[in-house]
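A look at the structure
Each chain, letter by letter, is given below.
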Amino acid sequence: GNHITFPNYSADELVAIAGVMSDQLEYDIDQSAYPVFKSYIEKRMELPFFSNARTVRNAMDRARMNSAIRTFERFAIQGENGGVCTVEDLKAITASDFQILLDDIVNADLDKRIFA
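As a starting point, this report considers the structure included with it. (Residues numbered from 1 in each chain as written. Predicted model: local features only at pLDDT ≥ 70, side-chain atom pairs only at ≥ 80, totals over all residues. Heavy atoms only, no water.)

1. Re the environment of Thr5
Short version of the rule: Secondary structure elements are taken from DSSP: a helix is a run of H or I of four residues or more, a strand is a run of E of two residues or more, and numbering for both begins at the N terminus. For the purposes of these results, a polar contact is taken to be a pair of N or O atoms within 3.5 Å, where, inside protein, one atom must be able to donate a hydrogen and its partner to accept one; residues adjacent in sequence count only when each atom of the pair is a side-chain atom.
Note that Thr5 resides in the segment before helix 1 (11-24). Along the chain, Thr5 and Phe49 lie 44 residues apart, while their C-alpha atoms are 14 Å from each other. Within the local environment of Thr5, its side chain forms a polar contact with the side chain of His3, the two groups lying 3.3 Å apart.

2. Some points on helix 2 (residues 33-45)
Stated formally: In this scheme, a helix's expected span is set at 1.5 Å multiplied by one less than its residue total. Only protein chains enter the calculation, and the probe is 1.4 Å; a residue is then buried if its accessible area is under 20% of its type maximum, exposed if over 50%, and partly exposed in between. The directions from the helix axis to the C-beta atoms are what the arc is built from. Note on contacts: a residue pair is in contact if any heavy atoms of the two residues lie within 4.5 Å.
Here helix 2 is 13 residues long and its end C-alpha atoms lie 18 Å apart, about the 18 Å a rise of 1.5 Å per residue gives. All of the buried residues in helix 2 are Ala33, Tyr34, Val36, Phe37, Tyr40, Ile41 and Arg44. One side of helix 2 carries all its buried residues, which in axial view fall inside an arc of 160°. Those residues of helix 2 hidden inside the fold are in contact with helix 1, strand 1 (28-29), helix 3 (53-77), strand 2 (92-93) and helix 5 (95-106).

3. What about the pattern of salt bridges?
We apply this condition: Any Lys or Arg side-chain nitrogen found within 4 Å of a carboxyl oxygen on Asp or Glu counts as a salt bridge.
In total, this model carries seven salt bridges according to the counting rule given. Between Lys38 and Asp12 there is a salt bridge whose closest N-O contact spans 2.8 Å. Taken as a pair, Lys38 in helix 2 and Asp12 in helix 1 lie far apart in primary sequence, 26 residues in all. Its relative accessible area of 26% is what places Lys38 among the partly exposed residues. A salt bridge links Arg74 to Glu80; the nearest nitrogen and oxygen atoms lie 2.6 Å apart. Overall, the relative accessible area of 25% leaves Arg74 in the partly exposed class. The network of salt bridges with shared partners includes Arg57, Asp61 and Arg64.

Structure representation (structure tokens):
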């Protein structure tokens, strides 16, 4: 069969790809979140089944879910601001949203770390 091998992107290139993806999805990544995301990508690159931009897309999907959970917790559960959030709140991806992904890798059982 045909097989084409592409070189891996660098961690910095993958961080830039995440920025483009967030713009396309109309999310705003907080500047403090980029170093956390880069740390996640660097750790993830060491694990099997790393797939460059696909891994970034999966991470962005998880970060968006973490953002939604965080926002729901703040406004719907805790009742911050009378339960009213802004568009900016809904679009924000913070360092904590990526930290969850990084923690999953760092705290995983070494024998079971396949992907995160």
